[in-house]
Amino acid sequence: MAPTTAPEDGNHPAAGARIVLEHVSRAYGPATVLFDVSFTIGPGELVALTGPSGSGKTTLLQLIGSLDRPSSGTIRVDDTAVECLTHPADFRRDTVGFVFQLHHLLPHLTVEQNAELSLVAAGIPRRERHERVLDLLEEVGLADRADDFPKQLSGGERQRVAIARALAGRPRLVLADEPTGALDTGTSARIWELLLDLRARHNTTLLVASHDLTLLEHADRELRLVDGRLLPSSSPTPVSELT
């Protein structure tokens with residue numbers, strides 16, 4: 001399959017990361033999860049990664065984010081060959097922000113402390129951490145909850161903290177795996193609005209895996225996986241696969 005290439009429409013200045021996958025496959029023993037996946041995502045794009053459960057979406061995000069390695073093929077994020085990294089934790093710290101379906105906040109830490117975890121690991125001075133995280137909490141509408149603990153927040157508020165945490169390291173790429181999967185419809189809509197606003201403010205490249213088809217209303221384009229294979233962009237999506 002030829003790579004699915006990002007449109008060159010000039011809508012987004014080139015500040016986010018550029019992602020290029022070429023013939024990426026991933027097998028676990030005899031089971032192959034991804035088959036010969038190739039595509040390009042341009043800097044600053046918001047791309048929806050869709051497909052049925054078990055189609056390989058989470059695996060693909062893990063490969064791009066260096067949480068796993070492909071069995072074959074190449075993955076480049078800007079000038080970094082992700083599959084060749086000897087210190088993937090440094091790449092994740094400096095380049096990638098992750099947002100998962102479950103917020104994974106630490107219950108014994110405050111909102112501010114949860115949001116600044118990656119900055120502590122990066123050795124950012126305390127005052128800079130404080131200022132940067134408070135700015136982000138202001139952006140996600142939680143500046144007044146900085147000293148609260150996760151148990152005091154709603155599900156949507158916890159996810160907003162997780163988004164602030166993902167952006168704290170000023171990543172060029174954000175990978176989101178079902179970020180609204182555990183939320184009600186109204187809260188999900190607010191999270192999508194927040195992600196769109198933050199993309200506009202920070203010009204970060206976003207690759208978002210989701211079953212929520214409202215994402216397609218906001219994304220620049222769609223990448224669809226079915227049974228570990230990337231559908232050609234010109235192929236219509238069968239109605240039976242949308243549910």
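Residues numbered from 1 in each chain as written. Predicted model: local features only at pLDDT ≥ 70, side-chain atom pairs only at ≥ 80, totals over all residues. Heavy atoms only, no water.

Colleague: Requested: an account of the packing of aromatic side chains, with residues and values cited.
Modeller: One pass over the full model with this rule turns up zero aromatic pairs. Over the ring of tyrosine 28 we find arginine 26, and its NZ or CZ is 4.1 Å from the ring centre. Sitting over the ring of phenylalanine 35, arginine 229 keeps its end group 3.9 Å from the ring centre. (Phe/Tyr/Trp six-rings, centres within 6.5 Å; stacked < 30°, edge-to-face > 60°. Lys NZ or Arg CZ within 6 Å of the ring centre and 35° of its normal.)

Colleague: Explain the nonpolar core to me, using residue names and the numbers behind them.
Modeller: Leu137, Val140, Ile163 and Val208 are the most contacted members of the largest nonpolar core, which has 32 residues in total. Secondary-structure elements contributing two or more residues to this core are β3 (46-50), α3 (111-115), α5 (126-139), α6 (155-168), β7 (173-177), α7 (185-202) and β8 (205-209). Sort the elements by how many residues they give to this core and α6 lands first, with six residues. Residues in contact with valine 208, not counting those within four places in the same chain, are Leu46, Val47, Ala48, Leu49, Ala176, Pro179, Trp192 and Leu215. (Core = buried A, V, L, I, M, F, W, Y, C linked by side-chain atoms within 4.5 Å. Buried < 20%, exposed > 50% of the residue type's maximum accessible area, 1.4 Å probe, protein only. Helix = DSSP H or I, 4+ residues; strand = E, 2+ residues; numbered from the N terminus. Contact = heavy atoms within 4.5 Å.)

Colleague: Can you break down the pairing of strand β2 (residues 31-41) residue by residue, with the values?
Modeller: Looking down a regular strand, the side chains alternate between one sheet face and the other. Summarising the sheet, strand β1 (residues 19-28) and β2 pair through seven bridges and their orientation is antiparallel. Each bridged residue has a counterpart across the sheet, and for leucine 21 the counterpart in β2 is phenylalanine 39. As consecutive antiparallel partners, β1 and β2 are separated by two residues, and within that stretch glycine 29 has a phi angle of approximately 65°, a positive value. (Pairing = 2+ DSSP bridges.)

Colleague: Which residues make up a negative patch on the surface, and what values go with them?
Modeller: Among the surface-exposed residues, Glu131, Asp135, Glu138 and Asp144 lie close enough to one another that they form a single negatively charged patch. Along the polypeptide, glutamate 138 turns up in helix α5. Residue classification places glutamate 138 among the exposed positions, given a relative accessible area of 55%. (Patch = residues over 30% accessible without salt bridge, like charges linked within 9 Å, V, L, I, M, F, W, Y side chains within 5 Å. Areas by Shrake-Rupley, 256 points an atom, 1.4 Å probe, with all protein chains shown as cover. Salt bridge = Lys/Arg side-chain N within 4 Å of Asp/Glu carboxyl O. Lys, Arg positive; Asp, Glu negative; His and termini not counted. Charge placed at Lys NZ, Arg CZ, Asp CG, Glu CD.)

Colleague: Tell me about the sheet that holds β8, and name the residues and values.
Modeller: For sheets, the rule is that strands pair by backbone hydrogen bonds, running either parallel or antiparallel. If you walk across this open sheet you meet the six strands as β6-β7-β8-β3-β9-β10, and the pairing is mixed. Edge positions in the open sheet fall to β6 (96-99) and β10 (229-230), since each of these has one partner strand only. Relative to strand β9 (residues 221-226), β3 runs parallel, the two sharing four bridges. Residue pairing for β9: leucine 49 is matched across the bridge by leucine 223.

Colleague: Mind laying out the packing of α5 against α6, listing which residues take part and the relevant values?
Modeller: Packing of α5 against α6 leaves a shortest axis separation of 9 Å and a crossing angle of 135°. Judged by the angle between their axes, α5 and α6 are oblique. At the point where α5 passes α6, the crossing takes the right-handed sense. Touching Arg132, Leu136 and Leu137 of α5 are Ala164, Leu167 and Ala168, all from α6. Partitioning the contact of α5 with α6 into residue classes produces five nonpolar, no polar and one charged. (Axes fitted to C-alpha atoms, helices over the stretch in contact; angles between N-to-C directions. Parallel < 35°, antiparallel > 145°, perpendicular 65-115°, else oblique. Left-handed = near helix turned anticlockwise from the far one by under 90°. Nonpolar A, V, L, I, M, F, W, Y, C, P; charged D, E, K, R; others polar.)

Colleague: Would you mind going over the pairing of β7 in detail, with residue names and values included?
Modeller: Counting buried positions along β7 gives five out of five residues, so the element sits mostly inside the fold. Neither face of β7 is exposed, since Leu173, Leu175 and Asp177 on one face and Val174 and Ala176 on the opposite face are all buried. As paired strands, β6 and β7 are joined by four bridges and run parallel to one another. Looking at β7, one finds that phenylalanine 98 is bridged to leucine 175. With five bridges joining them, β7 and β8 adopt parallel strand pairing. Its bridge partner being in β8, leucine 173 is matched across the sheet by threonine 205.

So far we have only geometry, and geometry alone does not tell us how the molecule works.
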